[in-house]
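One-letter residues, chain by chain:
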Amino acid sequence: MKPAKSASTRVLIASIAAVPALAALLFAQTPRFHNAPASAAAMTNPYTGQQNAEAGRTVFVQKCAACHGQNAQGTGIIPALTKGPVQAAKPGEIFWYITRGDLMNGMPSWKALPEKERWQVVTYLKNLKNTQGALEGAPASSGADASGALNAPPPKPPFTDFRFEKPGTTRKITVADLPAPFATASAGNGPRLVPRPANVWPQAPEGFKVQLYAADLENPRLIRTAPNGDFFVAEAGPGRILIFRGITPDGKPKLTSTFATGLNQPFGIAFYPLGPNPQWVYVGNTNAVVRFPYENGDLKARGPAQHIADLPSNGRGHITRDIRFSPDGKTMFASVGSGSNVDDPDTHPAEKDRADILAFNPDGSGMHIYAYGIRNPVGLAINPTTGELWCSVNERDALGDNLVPDYITHVQPGGFYGWPWWYIGGHQDPRHPGTHPELKNKVITPDVLLQPHNASLEMTFYTGKQFPAEYDGDIFASEHGSWNKAIRAGYEVIRVPLHQTGHATGEYEDFVTGFVLPDGNVWGRPVGVTVAPDGSLLVTDDGSNSIWRVAYTGK
Ligand code: HEC
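Please read all numbers here as calculations on a predicted model, not as lab measurements. (Residues numbered from 1 in each chain as written. Predicted model: local features only at pLDDT ≥ 70, side-chain atom pairs only at ≥ 80, totals over all residues. Heavy atoms only, no water.)

### Here's the deal with the layout of surface pockets
Stated precisely, the cut-off is as follows: Note on definitions: the grid is 1 Å and covers protein atoms alone; a cavity is a set of points where a 1.4 Å probe fits but cannot get out; a pocket is an open set with protein on both sides within 12 Å along at least five of seven lines; lining residues have an atom within 4 Å of a point. Grid points are joined across faces, edges and corners, and a volume is the space filled by probe spheres set on the points. Here the term charged refers only to Asp, Glu, Lys and Arg, the term nonpolar to Ala, Val, Leu, Ile, Met, Phe, Trp, Tyr, Cys and Pro, and the term polar to all other amino acids, Gly among them.
There is about 780 Å³ of room inside the second largest pocket. Forming the walls of the second largest pocket are 28 residues, and the residues nearest its centre are Arg224, Thr225, Arg324, Thr460 and Thr463. For the lining of the second largest pocket, the per-class residue count stands at 18 nonpolar, 7 polar and 3 charged.

### Structural notes on the packing of aromatic side chains
The criterion, for reference: By convention, a stacked pair of Phe, Tyr or Trp rings (six-membered ring in the case of Trp) has centres within 6.5 Å and planes under 30 degrees apart, an edge-to-face pair has planes over 60 apart, and any other such pair is tilted. Where helices and strands are cited, they refer to DSSP runs of H or I of at least four residues and of E of at least two residues respectively, numbered from the N terminus. The classification of residues rests on relative accessible area computed with a 1.4 Å probe and restricted to protein chains. Under 20% of the type maximum is buried, over 50% is exposed, and intermediate values are partly exposed.
Under the criterion given, the structure shown has 34 aromatic pairs. For the pair Phe208 and Phe467, a centre-to-centre distance of 4.8 Å together with 85° between the ring planes defines the contact as edge-to-face. Remark: Phe467 occurs in the loop between strand 21 (456-461) and strand 22 (475-479) and Phe208 occurs in strand 2 (residues 208-214); sequence separation between them is 259 residues. Judged by its relative accessible area of 11%, Phe208 is buried. Judged by its relative accessible area of 3%, Phe467 is buried.

### Points about the coordination of the iron atom of the ligand
Worth spelling out the cut-off: Metal-coordinating donors are taken as N, O and S atoms lying within 2.8 Å of the metal, or within 3.2 Å when the metal is Na, K or Ca; because water is left out, some sites can appear incomplete.
Protein coordination at the iron atom of the ligand comes from His68 (NE2) and Met107 (SD), with a distance range of 2.0 to 2.2 Å. The buried category is assigned to His68, whose relative accessible area is 11%. Taking the relative accessible area as the measure of exposure, Met107 reaches 16% and is therefore buried.

### Things to note about the site of the ligand
We count it as follows: One heavy atom within 4 Å of a molecule or strand is enough for the residue carrying it to be called near that molecule or strand. Think of a polar contact as two N or O atoms within 3.5 Å of one another; within protein, one of them needs to be a possible hydrogen donor and the other a possible acceptor, and neighboring residues in sequence only count if both atoms come from side chains.
Surveying the vicinity of the ligand reveals 24 residues, the closest of which are His34, Cys64, Cys67, His68 and Met107. Here His34 contributes a side-chain N or O atom positioned 2.5 Å from an oxygen atom of the ligand. One of the side-chain N or O atoms of Arg316 is found 3.2 Å from an oxygen atom in the ligand. Secondary structure elements with two or more residues in the shell around the ligand: helix 4 (50-68), helix 5 (85-88) and helix 6 (91-100). Of the residues assigned to the shell around the ligand, the class counts are 16 nonpolar, 5 polar and 3 charged.

### Concerning the sheet that holds strand 16 (residues 389-394)
Quick note on the threshold: Note on pairing: two strands pair once DSSP finds at least 2 bridges between them. Lines fitted to C-alpha atoms define the axes here, with helix axes fitted over just the stretch in contact, and angles between the N-to-C directions of these axes take values from 0 to 180 degrees.
Within the open sheet, the 4 strands sit side by side as 15-16-17-20. Their pairing is antiparallel. Two strands in the sheet have a free side with no partner beyond their single neighbour: strand 15 (376-382) and strand 20 (448-452). Direction aside, neighbouring strands of the sheet carry axes that sit 20° apart on average. Bridge count for strand 15 against strand 16 is 5 bridges, and the pairing is antiparallel. The partner of Leu380 across the bridge, within strand 16, is Cys391.

As structure tokens, then:
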């Protein structure tokens, strides 16, 4: 199924294993922090203590928070600095790493920052250990998107940015539109989250109305409609699955309940067997698929979680794992994103079985790779017209504003989508020159190219009866929004029109927009999208921690 990738990884591992002494040497050593040399570890920090930590915090807010987050909590591929390898590393190793950066993976070099400030930021980072909300109340970052960028000339179509996203606008990106790698610098422009101003509301096309269905959630991510019409919502941070039931005449839930707790960054939710009477709710934790016994109408899991299958995860990289079943009920699909931006799996064993869609029997046995080279497949959905598996994908970073497009595509069994050596058809990734020439002609061009760095998350097919007939069978997807683009894009819900054919033309449309304020600050970030039994759409938003309802009223 996956000839080049798994074969070469296997050869590498086999040849290491064949030399026991070498294997012991390689695997026994505590890994160095980003391969920092011993001389780096030996350096001592001349600027320690509370005052230097305070000064380091100022540097962090100005230079680092735009990517690593105001609370150093990280987002997507950008690691948290409050925990993990940074907290285990020696100060000198962090200093060395910050100085050098890791351009290939989107971390700038801070060589130009005075040495003293680099050490101060190290002191600050080391003081973060185990703190949560380290920068609570800190001033908004003066990040890379200074207001100058907002006055920049309009983007050249088909590329766009938040200033020009407008419900109903059709866009189409083709392979011929792709710029060369590094045509623009790799941006560090994470969202600055602000509360939603009272007079601001999400915008939908004419005839649609947006209501606030539920507020005050905690990190709501994927939302999925159960066969009985209940809405299951994964709250990833707290590790919970919630249930919302019904829609009142003013667009609110009739009741809410906590279905299950104690999960590990849950995302995917699937009901099994397919059809009106499921017996299990499957949940995609970041490191495993588990399932709960379930009958229609249950508001609490009727038993503890059963472990179904481990999923690759080492605490690094992409964390979301969606789950879907094939229409015949025989295959369980799980989406597993890469552990890095573009690490080569041939030389990075941690990438084994990642950047793939994995397939299992519903009992968790029989794991195999269904499709590969998909950097971060997030949302999975079954096309009701064709029965095919589709997915929504976050492509790679650090090649410039308009590379590489995110995408939505049907997934070919055994298909190779390029990562990390190739992208969007036969374009070699400049960070892997000359590698795997034999795969060049195997790289599948995805069906719908989206704005690069959009962060395309959950997707669903419209099976409702409320929207006008032209929406039948179309795709809706949530675009969480960019960090690696000088002027933000995404932060919207899009529609992919299929024109009742079950196939995409490459076009997509802005559908719900308005989550970014004119000054570039962000108040909302769509993550999940599902079709309600009444035909309206529900959209989760982990920026404002709420769920929006989009209904067609014709007015
Ligand atoms: C343009 C976005 C961006 C900015 C700005 C940025 N970083 Fe990073 N940083 C990243 C990315 C992306 C990675 C992950 C690289 C990888 O995959 O190995 C990273 C990794 C790191 C790591 C390693 C974390 C780990 O778990 O291994 C440290 C430490 C770090 N950054 C510190 C900083 C500091 C300090 C600043 C400010 C002086 C900063 N970064 C600014 C994007 C950024």
